[in-house]
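# Geometric and topological summary
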Amino acid sequence: MRIRRTLATAAIATAAALAAAAVAPAQAADDAAAPATAAVAVLTHTSLAGPNVSVGDVLVADLVAGTTANFSSSATGTTGIKCATSAFSATVLTNPAAPGVATESLNTQTFGSCTSNVIGVTGVQSVTVNNLAYVNSVGDAAGHPVSLDPGTAGPVQTTVVLKTILGTITCVYRAAGGLAGTTNNTGQTIGFSAQALPKSSGPSTCFPVGYFTATYGPVRDVSVAGNPVVYVN
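Every value quoted in this text rests on a predicted model; they were computed, and no experiment measured them.

How each quantity is defined
- Residues numbered from 1 in each chain as written.
- Predicted model: local features only at pLDDT ≥ 70, side-chain atom pairs only at ≥ 80, totals over all residues.
- Heavy atoms only, no water.
- 1 Å grid on protein atoms, 1.4 Å probe; cavity = no way out; pocket = protein on both sides within 12 Å on 5 of 7 lines; lining within 4 Å.
- Points joined across faces, edges and corners; volume = space filled by probe spheres on them.
- Nonpolar A, V, L, I, M, F, W, Y, C, P; charged D, E, K, R; others polar.
- Core = buried A, V, L, I, M, F, W, Y, C linked by side-chain atoms within 4.5 Å.
- Buried < 20%, exposed > 50% of the residue type's maximum accessible area, 1.4 Å probe, protein only.
- Helix = DSSP H or I, 4+ residues; strand = E, 2+ residues; numbered from the N terminus.
- Phe/Tyr/Trp six-rings, centres within 6.5 Å; stacked < 30°, edge-to-face > 60°.

### Focus: empty space enclosed by the protein
Inspection of every chain in the model, using the stated rule, returns three cavities of 30 Å³ or more. Of the pockets and cavities examined, the largest cavity occupies roughly 140 Å³. Lining the largest cavity are 15 residues; nearest its centre among them are Thr-183, Ile-190, Val-219, Val-230 and Val-232. Considering only residue class, the lining of the largest cavity consists of eight nonpolar, six polar and one charged.

### Observations concerning the nonpolar core
Leu-43, Phe-111, Phe-212 and Tyr-216 are the most contacted members of the largest nonpolar core, which totals 45 residues. Considering each element in turn, this core owes the most residues, five residues, to strand β4 (residues 80-94).

### Some details on the packing of aromatic side chains
Tallying each qualifying case throughout the model produces six aromatic pairs. Consider the rings of Phe-88 and Tyr-216, whose centres lie 5.4 Å apart with planes at 80 degrees: the pair is edge-to-face. Here Phe-88 is found in strand β4, whereas its partner Tyr-216 is found in strand β13 (residues 209-216), with 128 residues between them in sequence. Like Phe-88, the residue Tyr-216 is buried in the burial classification. Aromatic side chains Phe-192 and Phe-212 sit 6.1 Å apart centroid to centroid with 35 degrees between the ring planes, which places their arrangement in the tilted category. Of this pair, Phe-192 sits in strand β12 (residues 189-201) while Phe-212 is found in strand β13, placing the two residues 20 residues apart along the sequence. Taken individually, Phe-192 and Phe-212 each receive the classification buried, so the pair is uniform in this respect. An aromatic cluster is defined as three or more aromatic residues linked by ring pairs; in this entry it consists of Phe-71, Phe-111, Phe-192 and Phe-212.

This is how it looks when you write it as structure tokens:
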């Protein structure tokens, strides 16, 4: 009887070992087939380290509530043009794993409800951004730097049409290179402060340099259901 019990126990142990050996390769194959977790990209939506923003997604933003977009005659002055509305739309071109730099195509940027306190100017007829699309680069280095650079259509340029006591004048302002800005995950904003656009053409009523200041936010991904806000990781 003792020999029979021993043989039965050995048979059970052998069967268990064979079953484990059969399961192990299958489990290893399942693990190998399982998709790897995607690395966190420079741009995510909904939250920090949230879902990655996809290449091709469209990002939009208006001015931060209660602020204006300004074209001032000096870096610290208050003389110039103020626009109560402004908005942009950009398409994501690249969004690599963080740390890194994401790129976007700035396709539209509009300004409206603009006024001026320049002597001799009675109104603002239009403010138009020329030579779109521009290339917008968003980095996750310290300060979350932004660079808005010319595209293939030409330099970063804005045309301002002003109404004066002597008639309508056109002022063209053109950046020597690009514009520098920053993003902020508090409010999901992108901002530019006193970025210089020297006058390219126009009469003396047009100030020699236009300094552009504006903050847009929250930036939203309108290609995703619910239009979630965008973060820089």
